[in-house]
Each structure stands twice: as C-alpha cells, then as structure tokens.
Amino acid sequence: MFARNLYARARKLTKHTQRLVHTEKLLKEKGIVLPAYQDAVWSYVKGQRDGNLLYIGDHVGQDENAQTVRGKVGEGPDAAVTPEDAAKLAGQAALRLLSTISYYCDGDLDKVDQVIKVVGIVNGTPDFIGHGKVINGASDMLVECLGDRGKHARTCTGAGSLPAAVTVECIVRLKD
C-alpha cells in the first residue's frame, strides 16, 4: 500500500514538473516573440488582480525600439500615422499586454481562461472614423496568440489628444 501511494505521488509530481507551457510553445512555433515586460513608472501598477479577474492598464503602441509612437491617426494632411500603421501599433500593444499578463501569471499564459474585454483608444484626427479597424490589430493579435481564449467584448473610441497614437487595455479571467 505504501509503495503504491508513493508511486502515485511520484507520478503526479513528475507530471506537474514536466508540464509544458503550451501557449508559449505555440507562440514560439508561430515566430511570435513577446516584448520584455515594462514596469510602471509612476505611482500605479500595470495590472491588478481581483479574484479570477486581472485588470491590465493601458499599453501604448510602440515602435521596434520600444519608443512610444505619437501623433494623430488618419488619412488627411493633419495625420502623422496611417490607419494601417496604427493597426500594427495596436497589435504591438496587444503583445505588450500579453507580456504583462505573462508577468502577472509567472510566465504561464496557459493560466489565461479568457480575455473578457478590450478597450482601445485611438488619437484620431477630427474626421477619422476608422477606430474599429485600428483596434482590430489588437483583437486579431490576441486571437492569434490565445486562440478562442483571446476572443473578447470590445470598446473602441477616439480621443482628441493622447500621449500616443494608440492605447489598448484589457480585462482577463484567469483559471483557478
């Protein structure tokens, strides 16, 4: 009886320690690399957990050098960022959201049960109405990385001014 109990415990322990982090493995297979986690710089935190919900504050679109891209999004002469480039920035902001989620989940994105809500804000020119198409960049990236767990409810809006061209935040439900 003792030997059987010991064997069962050893099997359980081995199973636990050999567990693969499937989401990260799939990201690697797809060639998707999460940017390094960036901690908050002021008197706030990047994420806050309440029960099984993880609230992630806004993440701005950055270029390949991790510099915030600023300017108005649109198609006219007052625009500094095209809608297509803004959608790429939103996708990059989603990767940064995932990096932050990973940080709060001890490097294990398998702990994500579902992305519940995404809020995207676009610093658009006064006549810009393509906010949804821009924030699709973030939504598409979350689904690309998490599959059906990345599908979410969403709010997109424009702002008269922002410190970036695009900003995205989300609420995530974590597994118990």
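Residues numbered from 1 in each chain as written. Predicted model: local features only at pLDDT ≥ 70, side-chain atom pairs only at ≥ 80, totals over all residues. Heavy atoms only, no water.

1. Overview of the sheet that holds strand S2 (residues 53-60)
Within a sheet, neighbouring strands are paired by backbone hydrogen bonds and run either parallel or antiparallel to one another. Just so we agree on the cut-off: DSSP calls a pair of strands paired once it identifies at least 2 bridges connecting them. Secondary structure elements follow DSSP: runs of H or I no shorter than four residues count as helices, runs of E no shorter than two count as strands, and numbering proceeds from the N terminus. For helices, the fitted axis covers only the stretch in contact; all axes are lines through C-alpha atoms, and the angles between them, taken along N-to-C directions, range from 0 to 180 degrees. Should any heavy atoms of two residues lie within 4.5 Å, those residues are counted as being in contact.
Reading across the sheet, the five strands line up as S1-S2-S5-S3-S4 and stay open at both edges, with mixed pairing between neighbours. Of all strands in the sheet, those with a lone pairing partner are strand S1 (47-50) and strand S4 (153-158), marking the two edges. Across the sheet, the axes of successive neighbouring strands diverge by a mean angle of 15°, strand direction being ignored. Where S1 and S2 come together, four bridges link them in antiparallel fashion. Note on S2: the bridge partner recorded for Arg49 is Leu54. Running at roughly 140° to S2, helix H3 (residues 83-104) makes contact with S1, S2, strand S3 (112-122) and strand S5 (166-174) of the sheet.

2. A short note on the pairing of S4
The condition that has to hold: Orient the strands so they point away from the viewer; a crossover is then right-handed if the path from the first strand over the helix to the second runs clockwise.
The sheet contact formed by S3 and S4 spans six bridges and is parallel. Bridge assignment links Val119 to a residue of S4, and that residue is Thr155. Tracing the backbone out of S3, into helix H4 (residues 131-146) and back to the parallel element S4 gives a crossover that is right-handed.

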